[in-house]
Amino acid sequence: MATNRAASGEGGPDRELLVRWIRSAKKGDIGSYQRIYDLFAPKVLNFVYRMVNSVEEAEDLTQETFVTVYRKLGSLKDDTKFEPWLFRIARNYVYQRYRSRPPAAVSIDQIDEDGHEITQLVDERKTPDEAFQARELEQVVEGVIEELPEKYREVFVLSALQHMKYEEIAEVLGRSLASVKTDIHRARLQVRKRVKDYLKV
Amino acid sequence: MKCELCCENLTAYLDQELGTRESEGMREHLDGCTVCRDEMRELREAMLLVDSNTVRIELRPPLWRNVKAQINDAPVARQGWLGALGARWLSLAATGAAALALGFGLWGYQQRQEAVRQQEARNAIELQLYMNNYIHSRQVEEAAHRVVAVPAVARHATPAATRVVHRDYRDNPFSSLALHSSSPFGSALTEEPKSEATR
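Here the structure is a predicted model, which is why all the values come from computation and not from measurement. (Residues numbered from 1 in each chain as written. Chains lettered and ligands numbered in written order. Predicted model: local features only at pLDDT ≥ 70, side-chain atom pairs only at ≥ 80, totals over all residues. Heavy atoms only, no water.)

Participant: Give me a nonpolar patch on the surface: which residues, what numbers.
Facilitator: Residues and elements named next belong to chain B. A contiguous nonpolar patch, built from Leu127, Tyr130, Met131, Tyr134 and Ile135 and spanning about 520 Å² of accessible area, is present on the exposed surface. Along the chain, tyrosine 134 falls in helix α6 (residues 83-149). The partly exposed category is assigned to tyrosine 134, whose relative accessible area is 44%. (Patch = residues over 30% accessible without salt bridge, like charges linked within 9 Å, V, L, I, M, F, W, Y side chains within 5 Å. Areas by Shrake-Rupley, 256 points an atom, 1.4 Å probe, with all protein chains shown as cover. Salt bridge = Lys/Arg side-chain N within 4 Å of Asp/Glu carboxyl O. Helix = DSSP H or I, 4+ residues; strand = E, 2+ residues; numbered from the N terminus. Buried < 20%, exposed > 50% of the residue type's maximum accessible area, 1.4 Å probe, protein only.)

Participant: Report on the packing of aromatic side chains, specifying residues and quantitative values.
Facilitator: Using the criterion set out here, one finds seven aromatic pairs over all chains in the structure. Considering the side-chain rings of A:Tyr37 and B:Trp64, the 4.9 Å spacing of their centres and the 45° angle between planes classify their relative orientation as tilted. Note that A:Tyr37 is positioned in helix α2 (residues 30-52) and B:Trp64 in helix α5 (residues 61-73), a pairing that runs across two chains. In this structure B:Trp64 comes out as buried when scored by relative accessible area, which is 9%. (Phe/Tyr/Trp six-rings, centres within 6.5 Å; stacked < 30°, edge-to-face > 60°.)

Participant: An account of the environment of A:Glu57 is requested, with residue identities and associated values reported.
Facilitator: Among the structural elements, A:Glu57 can be located in helix α3 (residues 55-71). For A:Glu57, a relative accessible area of 21% gives the class partly exposed.

Participant: With reference to specific residues and values, describe the nonpolar core.
Facilitator: One recurring pattern in soluble globular proteins: nonpolar side chains tend to sit buried together. Counting 83 residues, the largest nonpolar core has A:Tyr33, A:Ile36, A:Val48, A:Phe66, A:Phe82 and A:Phe156 as the members making the most contacts within it. A per-element tally of this core places α2(A) first, with 13 residues. Discounting residues that sit within four places of it in the chain, A:Phe156 has contacts with A:Ile145, A:Leu148, A:Leu161, A:Ala187, A:Arg188, A:Val191, B:Met47 and B:Val50. (Core = buried A, V, L, I, M, F, W, Y, C linked by side-chain atoms within 4.5 Å. Contact = heavy atoms within 4.5 Å.)

Participant: How would you summarise unusual backbone geometry if you had to cite specific residues and measurements?
Facilitator: Only a minority of non-glycine residues have a phi that is not negative, and only a minority of peptide bonds are not trans. Positioned with a positive phi, A:His163 is a non-glycine residue whose angle comes to about 55°. In this fold, A:His163 is placed in the loop between α6 (150-161) and α7 (166-173). Using a relative accessible area of 13% as the deciding quantity, one classes A:His163 as buried. You will see that B:Gln16, though not glycine, has its phi angle at about 60°, which is positive.

Participant: Please give an account of the packing of α2(A) against α6(A) that cites residues and values.
Facilitator: When two helices pack together, their arrangement is given by the angle between the helix axes and by the axis-to-axis distance. Residues and elements named next belong to chain A. At a closest axis distance of 10 Å, the pairing of α2 and α6 adopts a crossing angle of 155°. In terms of axis orientation, α2 runs roughly antiparallel to α6. Judged by the twist between their axes, the crossing of α2 over α6 is right-handed. Between α2, through Phe47, Arg50 and Met51, and α6, the contact on the second element is made entirely by Glu150, Arg153, Glu154, Val157, Leu158 and Leu161. In terms of residue class, the contact of α2 with α6 is made up of five nonpolar, no polar and four charged. (Axes fitted to C-alpha atoms, helices over the stretch in contact; angles between N-to-C directions. Parallel < 35°, antiparallel > 145°, perpendicular 65-115°, else oblique. Left-handed = near helix turned anticlockwise from the far one by under 90°. Nonpolar A, V, L, I, M, F, W, Y, C, P; charged D, E, K, R; others polar.)

Here it is in structure tokens:
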């Protein structure tokens with residue numbers, strides 16, 4: 001009944017361990033900070049990529065985010081709110097850089113417009129037909145997400161792809177829980193409408 | 001629960017974001033409503049399809065090396081054992097100490113300025129006194145000179161007056177002025193005053 005929140009396979013340390021790493025990092029322990037980085041950098045990278053549609057820019061902004069986070073770690077009052085705080089910083093960087101410039105169009109090829117190969121999770125058990133269909137689906141899904149209005153794309157990526165709690169998303173965006181809940185639902189309805197033809201139901 | 005409300009909450013229900021009572025209400029409605037149940041199933045499948053076919057960018061190792069290099073250039077301000085609260089109090093205490101030191105410095109400066117003013121006042125008084133003494137001395141000298149210079153006065157000088165003048169002039173550093181030979185008091189000044197009994 002639940003979405004693949006639980007089935008996403010997302011593991012990771014429990015909250016207490018994370019808080020311990022954060023406290024160590026606040027005292028200057030680079031090793032602890034690297035653990036935090038390893039845990040959250042892929043999420044931040046993919047979130048930023050969804051907003052800017054460029055792997056190179058996404059890497060650059062992710063890097064800036066984590067440097068800033070380390071420098072401002074002392075200002076984080078509640079260590080349990082680290083993730084929304086981290087994403088808020090990443091989001092701010094995205095909007096600072098791209099306020100006047102719309103995100104680039106997503107490439108449907110395996111090489112994006114910056115010349116980087118789009119990494120894919122290749123399932124070697126698929127037949128050629130299945131692989132082709134999978135590739136087609138990826139392109140459709142990429143297009144669907146990219147064409148979402150920015151307001152909906154944000155909440156969709158954070159909820160459906162990053163699996164953040166609604167309360168955390170509201171903190172990241174600085175909006176009310178009710179408005180975030182409404183927009184998440186509307187974003188999902190738009191996505192469902194676009195991929196309906198590909199559903200097995 | 002009505003279908004309209006159920007549909008509005010479908011996404012939150014699937015994401016397990018509803019409260020206990022709301023979730024129970026949804027479950028009851030879905031058990032009895034095929035339309036809403038199909039709606040929920042379609043929504044869930046769409047999300048599964050998207051999640052399974054989304055391109056995910058992998059993290060490249062150079063990213064961490066760049067982050068680490070920049071961090072080492074400008075390390076974070078460490079909280080240490082004081083913690084955030086302690087650091088705040090410490091900065092307040094440092095500000096207070098600086099203000100106190102400034103206050104003491106200003107007070108000390110004012111004290112020194114006051115001491116200088118007092119010394120200047122004392123110097124002025126001493127100078128005035130000196131001037132007064134000088135003027136007094138000059139006045140006595142001039143008075144003696146007038147006495148000496150007025151023969152008419154000298155002729156009528158009584159022995160008592162003479163003795164007074166004698167005493168004054170003997171003690172006066174300017175008495176040489178009265179010892180002028182033409183002075184009617186000249187001989188009187190050089191002689192010892194006679195006692196009253198000998199007159």
